[in-house]
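Here is what each chain is made of, one letter per residue.
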Amino acid sequence: GNFWEARDYYREAIMFVEDLVDARRRERNELLVPLFCNLARVHLQLHENKLAEEAAAKALDIAAVPSNKVHASFYAKAHFRRGLARCELGRLEEACEDFAAAQKLQPESQEVTCHLTKLREQLAEGDQRRCTQGDEQKEHDEQRRKLVEKEKQALQLRLERRA
């Protein structure tokens with residue numbers, strides 16, 4: 001999809017909802033948390049990792065207030081997305097904390113469990129490589145690696161034929 005356009009729409013929606021009067025505070029907060037979570041996802045897709053972290057943090061700030069009664073799934077989603085952003089920013093220990101919080105809120109989530117397990121292994125090995133954002137990214141990277149390898153082999157063959 002068009003993530004730049006989506007980013008702009010989410011920003012506009014957030015500004016609109018934030019302007020709701022205090023009498024509508026509950027409805028406002030019910031809308032803001034998913035909007036900030038979705039904005040964080042769009043920022044991640046656009047590799048705007050610092051902005052993704054900030055959007056997820058805003059969702060978490062709202063969710064942290066008990067009177068806002070934010071559903072656990074949104075709270076978990078905000079932790080997970082902030083964790084992804086922090087991975088990309090190289091802040092792996094903080095990302096691990098976010099993934100652990102998300103897993104505590106949604107222990108049935110295989111995606112969260114997978115990321116948390118991989119990150120813990122990475123930290124245990126002392127490896128500071130960047131986290132991947134799921135199977136799509138891994139598949140893309142693998143395809144790219146194979147393509148580069150084929151190009152190298154083709155170049156080597158051409159060089160051998162010329163010699």
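What counts and how
Residues numbered from 1 in each chain as written. Predicted model: local features only at pLDDT ≥ 70, side-chain atom pairs only at ≥ 80, totals over all residues. Heavy atoms only, no water. Salt bridge = Lys/Arg side-chain N within 4 Å of Asp/Glu carboxyl O. Helix = DSSP H or I, 4+ residues; strand = E, 2+ residues; numbered from the N terminus. Axes fitted to C-alpha atoms, helices over the stretch in contact; angles between N-to-C directions. Left-handed = near helix turned anticlockwise from the far one by under 90°. Contact = heavy atoms within 4.5 Å. Nonpolar A, V, L, I, M, F, W, Y, C, P; charged D, E, K, R; others polar. pLDDT = per-residue confidence, 0-100. Buried < 20%, exposed > 50% of the residue type's maximum accessible area, 1.4 Å probe, protein only.

Asker: Even after reading the chapter, I still don't get the pattern of salt bridges, so can you show me in this structure?
Answerer: Close approach of charged atoms allows side chains with opposite charge to pair. What the rule picks out here adds up to 8 salt bridges. Linking R7 and D8 is a salt bridge whose minimum nitrogen-to-oxygen distance equals 4.0 Å. Across the pair E53 and K50 runs a salt bridge whose closest N-O atoms are separated by 3.1 Å. Linking E53 with K50, this pair stays in helix α3 (residues 49–63), spanning 3 residues, or about one helical turn. When salt bridges with common partners are traced through the structure, they connect K50, E53, R82, R86, R91, E94 and D98 into a single cluster.

Asker: Please explain the packing of helix α4 (residues 72–88) against helix α6 (residues 110–125) as it appears in this structure.
Answerer: Angle between the axes and distance between the axes are the two parameters that describe a pair of packed helices. Their axes nearest at 11 Å, the elements α4 and α6 cross at an angle of 35 degrees. Of the two possible hands of crossing, α4 and α6 adopt the one that is left-handed. Facing F80, L84 and C87 of α4, the residues of α6 in contact are E111, V112, H115 and L119. Residues of the contact of α4 with α6, tallied by class, amount to 5 nonpolar, 1 polar and 1 charged.

Asker: Looking at this structure, I do not really get the confidence of the model for the protein chain. What am I missing?
Answerer: For the protein chain, mean pLDDT is 84; residues scoring 70 or higher make up 86% of the total. Helix α5 (residues 92–105) holds the highest mean pLDDT among the elements of the protein chain, 96, whereas helix α7 (residues 135–162) holds the lowest, 70.

Asker: Please explain unusual backbone geometry as it appears in this structure.
Answerer: In this structure, H47 is a non-glycine residue whose phi angle is positive, near 60 degrees. Relative to the helices and strands, H47 resides in the loop between α2 (25–45) and α3. With relative accessibility at 56%, the residue H47 sits in the exposed group. Of note, the phi angle at K69 is positive, near 50 degrees, even though the residue is not glycine. Judged by its relative accessible area of 64%, K69 falls in the exposed class.

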